[in-house]
Protein chains: 2
Amino acid sequence: MSKETDKQFVKEITPQGEDFSRWYLDAIRKADLMDYAPVRGCIVFKPDGYELWELIQRQLDDRFKATGHRNAYFPLFIPESFFQKEKEHVEGFNPELPWVTEAGGEKLEERLAIRPTSETMIGHMYAKWIQSYRDLPVLINQWANVVRWEKRTLPFLRTSEFLWQEGHTAHEDEADARKETMLMLETYREFVENVLAIPVIAGQKTESEKFAGAVDTYSIEAMMRDGRAVQAGTSHYLGTNFAEAFEIKYLDRENKQQLVHTTSWGVSTRLIGALIMVHGDDRGLILPPKVAPTQAVLIPIGPPAKREPVLAKAGEMLADLKAAGVRIRMDDRNDVSPGWKFNEYEMRGIPIRIELGPRDLENGQAVLVSRVTGEKRAVALDNIAEEVKAQLEAVHQEMYNRALAFTQENFRSVETLDELKSSDDKLRGFVLAGWCGSRECESTVKEETGATSRNIPFEPKERKTKCLVCGKDAKHTVVFARAY
Amino acid sequence: MSKETDKQFVKEITPQGEDFSRWYLDAIRKADLMDYAPVRGCIVFKPDGYELWELIQRQLDDRFKATGHRNAYFPLFIPESFFQKEKEHVEGFNPELPWVTEAGGEKLEERLAIRPTSETMIGHMYAKWIQSYRDLPVLINQWANVVRWEKRTLPFLRTSEFLWQEGHTAHEDEADARKETMLMLETYREFVENVLAIPVIAGQKTESEKFAGAVDTYSIEAMMRDGRAVQAGTSHYLGTNFAEAFEIKYLDRENKQQLVHTTSWGVSTRLIGALIMVHGDDRGLILPPKVAPTQAVLIPIGPPAKREPVLAKAGEMLADLKAAGVRIRMDDRNDVSPGWKFNEYEMRGIPIRIELGPRDLENGQAVLVSRVTGEKRAVALDNIAEEVKAQLEAVHQEMYNRALAFTQENFRSVETLDELKSSDDKLRGFVLAGWCGSRECESTVKEETGATSRNIPFEPKERKTKCLVCGKDAKHTVVFARAY
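Residues numbered from 1 in each chain as written. Chains lettered and ligands numbered in written order. Predicted model: local features only at pLDDT ≥ 70, side-chain atom pairs only at ≥ 80, totals over all residues.

1. Observations concerning the overall build of chain A
Broken down by element type, chain A carries 15 helices and 23 strands. Taking 2.2 N^0.38 as the reference for a compact globule, 484 residues should give roughly 23 Å; the C-alpha atoms of chain A span a radius of gyration of 25 Å, in line with that estimate. With respect to the three principal axes, the spread of C-alpha positions in chain A is 85 × 55 × 50 Å. For chain A, the proportion of its 484 residues judged to be buried stands at 48%. If you take every contact in chain A between residues at least 6 apart in sequence, the share linking residues at least 24 apart comes to 68%. (Helix = DSSP H or I, 4+ residues; strand = E, 2+ residues; numbered from the N terminus. Rg over C-alpha atoms; globule rule 2.2 N^0.38 Å. Buried ≥ 20, exposed ≤ 12 C-beta atoms within 10 Å, placed from the backbone. Contact = placed C-beta atoms within 7 Å.)

2. Re the pairing of strand β23 (residues 476-481) of chain A
All names here are of chain A. For β23, the tally of buried residues reaches five of six residues, placing the bulk of the element in the interior. Here strand β21 (residues 430-435) runs beside β23; their pairing, made up of five bridges, is antiparallel. Across the sheet, Gly434 pairs through a bridge with Thr477, a residue of β23. Across three bridges, the pairing between strand β22 (residues 452-457) and β23 is antiparallel. Along β23, the bridge assignment pairs Thr452 with Ala481. (Pairing = 2+ DSSP bridges.)

3. Some words on the domain arrangement of chain A
Domains assigned within chain A are domain 1 (8-279), domain 2 (296-392) and domain 3 (411-481). Computed from C-alpha coordinates alone, the two centres of domain 1 of chain A and domain 2 of chain A are separated by 39 Å. (Domains from an automatic or database assignment.)

4. A look at the relation of the copies chain B and chain A
One chain copy maps onto the other through a rotation about an axis and a shift parallel to that axis. The two copies are related by a screw operation: chain B maps onto chain A through 180 degrees of rotation and 0.0 Å of translation along the axis, at an RMSD of 0.0 Å. Both chain copies can therefore be described as sitting about a two-fold axis. Considering only C-alpha atoms, the residue of chain B closest to the rotation axis is B:Val100, which sits at 2.1 Å. Same-surface contact between copies: 100% of interface residues of chain B are shared with the interface of chain A. (Least-squares fit on C-alpha atoms with pLDDT ≥ 70 in both.)

5. Details of the nonpolar core
In terms of nonpolar packing, the biggest core is built from 284 residues, with A:Ile198, A:Ala222, A:Ala232, B:Ile198, B:Ala222 and B:Ala232 touching the most fellow members. For A:Ala222, the residues in contact, after removing those within four places along its chain, are A:Val192, A:Ile198, A:Val200, A:Ala229, A:Val230, A:Ala232, A:Ala274 and A:Val278. (Core = buried A, V, L, I, M, F, W, Y, C linked by C-beta atoms within 7 Å.)

6. Concerning the confidence of the model for chain A
All names here are of chain A. On average, residues of chain A score 95 in pLDDT, and 97% of them reach the 70 mark or higher. Within the model, the stretch residues 1-10 combines pLDDT values under 50 with seven contacts to residues more than four positions away or in other chains. Scoring of the predicted complex yields 0.95 for pTM and 0.95 for ipTM. (pLDDT = per-residue confidence, 0-100.)

7. Focus on the pairing of strand β15 (residues 296-300) of chain A
Residues and elements named next belong to chain A. Of all five residues making up β15, five are buried, and the element is well covered by its neighbours. The alternating pattern of β15 places Ala296, Leu298 and Pro300 on one face and Val297 and Ile299 on the opposite face, and all of these are buried. The pairing of β15 with strand β16 (residues 328-330) spans three bridges and is classified as parallel. Residue pairing for β16: Ala296 is matched across the bridge by Ile328. Between β15 and its parallel partner β16, the chain crosses via helix α10 (residues 307-323), and the hand of that crossover is right-handed. As paired elements, β15 and strand β17 (residues 352-356) share five bridges and run parallel to each other. Residue pairing in the sheet places Val297 in a bridge with Arg353 of β17. (Right-handed = clockwise from strand over helix to strand, strands pointing away.)

8. Observations regarding the interface of chain B and chain A
Between chain B and chain A, the residue contacts involve 41 residues of the former and 41 residues of the latter. Looking at which element gives the most residues to the side of chain B that touches chain A, the answer is strand β5 (residues 98-103) of chain B, with six residues. Of the residues that constitute the side of chain B that touches chain A, the class distribution is 26 nonpolar, six polar and nine charged. In terms of strand pairing, strand β5 (residues 98-103) of chain A meets β5(B) through five bridges, oriented antiparallel. Within β5(B), the position partnered with A:Ala103 by the bridge is B:Pro98. (Nonpolar A, V, L, I, M, F, W, Y, C, P; charged D, E, K, R; others polar.)

9. As for the packing of α10(A) against helix α13 (residues 384-409) of chain A
Residue and element names in this part refer to chain A. Two elements in contact, α10 and α13, have axes separated by 9 Å at closest approach and are oriented at 60 degrees. Viewed along their axes, α10 and α13 adopt a mutual orientation that is oblique. Here α10 and α13 pass one another in a crossing that is right-handed. Counted together, Met317, Asp320 and Leu321 of α10 and Ile384, Ala385 and Val388 of α13 form the full contact between these two elements. Of the residues that constitute the contact of α10 with α13, the class distribution is five nonpolar, no polar and one charged. (Axes fitted to C-alpha atoms, helices over the stretch in contact; angles between N-to-C directions. Parallel < 35°, antiparallel > 145°, perpendicular 65-115°, else oblique. Left-handed = near helix turned anticlockwise from the far one by under 90°.)

10. Thoughts on the sheet that holds strand β8 (residues 161-171) of chain A
Residue and element names in this part refer to chain A. Reading across from one edge, β3-β7-β8-β14-β11-β10-β9-β22-β23-β21-β20 is the order of the 11 strands in this open sheet, with mixed pairing throughout. Sheet topology places β3 (70-71) and β20 (411-413) at the edges, where each strand pairs with a single neighbour. Packing of helix α6 (residues 119-129) onto the sheet brings it into contact with β7 (138-147), β8 and β14 (261-268), and relative to β8 it is tilted by some 30 degrees.

11. Some words on α6(A)
Counting buried positions along α6(A) gives eight out of 11 residues, so the element sits mostly inside the fold. Listed in full, the buried residues belonging to α6(A) are A:Glu119, A:Thr120, A:Met121, A:Ile122, A:Gly123, A:His124, A:Met125 and A:Tyr126.

Structural data, given as structure tokens:
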């Protein structure tokens, strides 16, 4: 490829300011994360996209196990009758279900849904497994594919089939189940902030936005660079709803039959979409170091005549950095220019570029370049592993700070619906407002602005006293935003 | 629970010699590995069963990555038209497919199969991705659930839905694709022998037993303790069959259009069934140390009066052994006897039991007990981590040797079909025999004995010269056995 076509190639990413949706689709295609599948609303996770998920999965799984959970696997197929047992659950999910009606050459007596979530199947099994308080709590997680036949889809953020984890736990009483619900929400918050470098707002969903079948739903909400929200994780206290539907009972310490209290909680491959939309810029992706499949790319530079000692040293550095646990690759190709490579790996979002040239070699140094700030820093070759690790940590922090600053800049507070509507007809960002608690006022906001209540934050920066729609006393202070 | 009921509980495992199938079902239920699901032919992988899969997965995945493969994820749904494109493939899989005919409240225009394997979907995508010889080889693996609507099912060994990995690679020419096919077969052999402690026979499948759509299929075959075979892994050279069907073409180094040569290879959760049937005994499971979720169980013993210092030392040992990377748990319950615990963990197949009592403490030692041989060995507490690790390695080797001896004892060689039939009407074990290569003679063996050709081993212990059925010159030396 010539340098001219190469530059063209990188230029094909639409600037964020011009069309954010086009930017997103360009960026993920150019970085080779996914492709569209020949089935409606489904995507293929290509290796660079899937490896992001593997790194998310591994680090979340460690956290689940550290908090006493174990993985299990339940069937993909859910008999139709199971959905009928929990009224709100069936109403919530029925419109999105694909149905298997024939198998092995015969029509099935009962249709089988492809799981959209597994509360019903797992409820059925827990009823068999749980007999006594000695069997509680049951703390199980499942990594699986699920399907929701979505009308409008967007790669990673909303696809008909997606990958996720779903935790399902059963407890003796409400207090213990609520503790679990909060523990897992906090686990998500900590993971999304400390691993994905995405600041989030943790809070409770309103009645109309909660999970179908839950008593209470909690979420963490993140702001994308177009100001819209993505629900990055949810945790539900299900009360005894599913225990009643599936008769999950146990003999308590006084030998009396009791219903268990259950929870469920999940995050999905939409986290990949979120981290791209939170961190990316006009040059392409910026991947958080802790989940970047390649954390650093090493590019030897300089004229051909002086190449040999540079390549020798680069090979040595590559081996040392790999041994030190850095996910690194080297691009020592001769047929593309360093400039092309710089663009290419910036587009792919590699957090750090390491340049090594003849003069660097003379000075016993290499140059580290941050993908976020573009800053260059010469570091001693003697201490390269420590320097690269410190730089990865620094890039993580830069990314978090940048995202936090953006979230704060685009977080407004309003008193009235008019104020909300007038300030910006595109409703960019999050808005804090008072809400009386009525479904009507919540619907009015949605109809007139396209924004939905994201959650009732645990720690709002201020408490609002009046409902933004009706002006009555506010029951809650709510975050509104347009959401993916 | 009283000691009496406890013994009853363990006794409920049917002896292998009485009824091997009953033994298997008893053993996996008692050890809490699985439960039956309320969907035909499906099981639930309970945490102890699923963790076996996680440990298999992790160690196989490391091997795939070390040989240059990367993971990706393709859709669960496969349009009906895709199956029609490869004639043998559709004939092979059509009878086993479940079909989604409705979704999102509407009847679908084209039925969607739930994937039984992904050659067709991946072939479609590879046709888009591969343009030039520079794009080759493509070395991708997928971890996924697949479904085959089986008539007769058996937990882990044959279930309607199961978990597996499927490698799919594309190459410039036959030589490179065949090299890959063999590399992955060898990867499976090495893994199954060195990690699962299961000796296998590697070889080529006959025409009638090969994968639907393959040019050549290779397998590793393992002998269960009832003498029947389990196909533990397969690797296929697919030639240009799928490349033709899906038009996967590339421009070669001479700028000419060529079809790629593809391979596929897989192992599944049936490995869990195999390792149980190869290693288990009348007391229950015996788990290979390298995949055992719990490698060692530490049981403090001795009278209550002397318990305190024992428990203190045991807690210390537990922490040390965990830190040394041993997957260990302690059972220091007071309400069940040591004898009950011994039985319990033997049934669950924990490779090593560690006993620590007051006298051991005085002598500065602990006692290690092998689950395979029952041998007890006193080891110095000073050096406990090294001793336990060495013992785990020894147990692995004992398991492999025991399985190898069993396989050799039950591996006969015959000249004629009469000899095969007369020797044992249950046809226990593997049989080596000559075969002329005709489908008729192969079918005759199956009809008259229930045995099928397992494979044509690469390294038969002898070469047979005459066909066991027709007496003509043998083209191949074949392993026959009844198979799961």
